[in-house]
Amino acid sequence: MTQEKPFAGSADRPALRSLGALGGALAAAAAVVVGVVLAFVFAATVVVIGLMVSAVLALVALAVRASRIGRRRRAGEADDGVIEAQNLGGHHWVAYGWNERA
């Protein structure tokens, strides 16, 4: 009555078993390294997207500010938009009020 081993070749080759364990450890380490690299790549992507969004928001704020300044200037002008000028003789004219802010 001989007793059969469940894995007949595994007990006979302990060197292969240790090589398999070493290979598994290397594969696990490689998976961790790849995961860390991917985490850094995605974190850098989020940072770049954040910088782009903040730049766009800054440009929007500048545009809104410029439109408000333009509206104030238009509201301060006369209804017809004509400025006053005086002829000093010949081709010499002087305009008043064109550089004043509203």
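Calculation notes
- Residues numbered from 1 in each chain as written.
- Predicted model: local features only at pLDDT ≥ 70, side-chain atom pairs only at ≥ 80, totals over all residues.
- Heavy atoms only, no water.
- Helix = DSSP H or I, 4+ residues; strand = E, 2+ residues; numbered from the N terminus.
- Buried < 20%, exposed > 50% of the residue type's maximum accessible area, 1.4 Å probe, protein only.
- Areas by Shrake-Rupley, 256 points an atom, 1.4 Å probe, with all protein chains shown as cover.
- pLDDT = per-residue confidence, 0-100.
- Patch = residues over 30% accessible without salt bridge, like charges linked within 9 Å, V, L, I, M, F, W, Y side chains within 5 Å.
- Salt bridge = Lys/Arg side-chain N within 4 Å of Asp/Glu carboxyl O.
- Pairing = 2+ DSSP bridges.

> What is the right way to look at the overall build of the protein chain in this model?
Regarding its fold elements, the protein chain presents one helix and two strands. Expressed as a percentage of the 102 residues in the protein chain, the buried residues total 0%. By element, 67% of the accessible surface of the protein chain is carried by carbon and sulfur atoms, the whole surface being about 9,400 Å².

> I tried to follow the confidence of the model for the protein chain on my own but got confused; where do I start?
Parts of the prediction with low pLDDT should not have their coordinates interpreted in detail. Put simply, the protein chain has an average pLDDT of 81, and 72% of its residues get 70 or more. The least confident element of the protein chain, judged by mean pLDDT, is strand 2 (residues 92-96) at 83; the most confident is helix 1 (residues 14-76) at 90.

> Even after reading the chapter, I still don't get a nonpolar patch on the surface, so can you show me in this structure?
There is a patch of nonpolar side chains on the surface, built from Val 33, Val 34, Val 37, Leu 38, Val 41 and Phe 42 and spanning about 540 Å² of accessible area. Tracing the backbone through its elements, the reader meets Val 33 in helix 1.

> Whenever I open this one, the pairing of strand 1 (residues 84-89) confuses me. Can you help?
A regular strand places its side chains so that they alternate between the two faces of the sheet. Across five bridges, the pairing between strand 1 and strand 2 is antiparallel. Opposite Ala 85, over in strand 2, you have Ala 95 as the bridge partner. Linking two consecutive strands that pair antiparallel, namely strand 1 and strand 2, is a turn of two residues; a positive phi of about 65° is found at Gly 90 within it.

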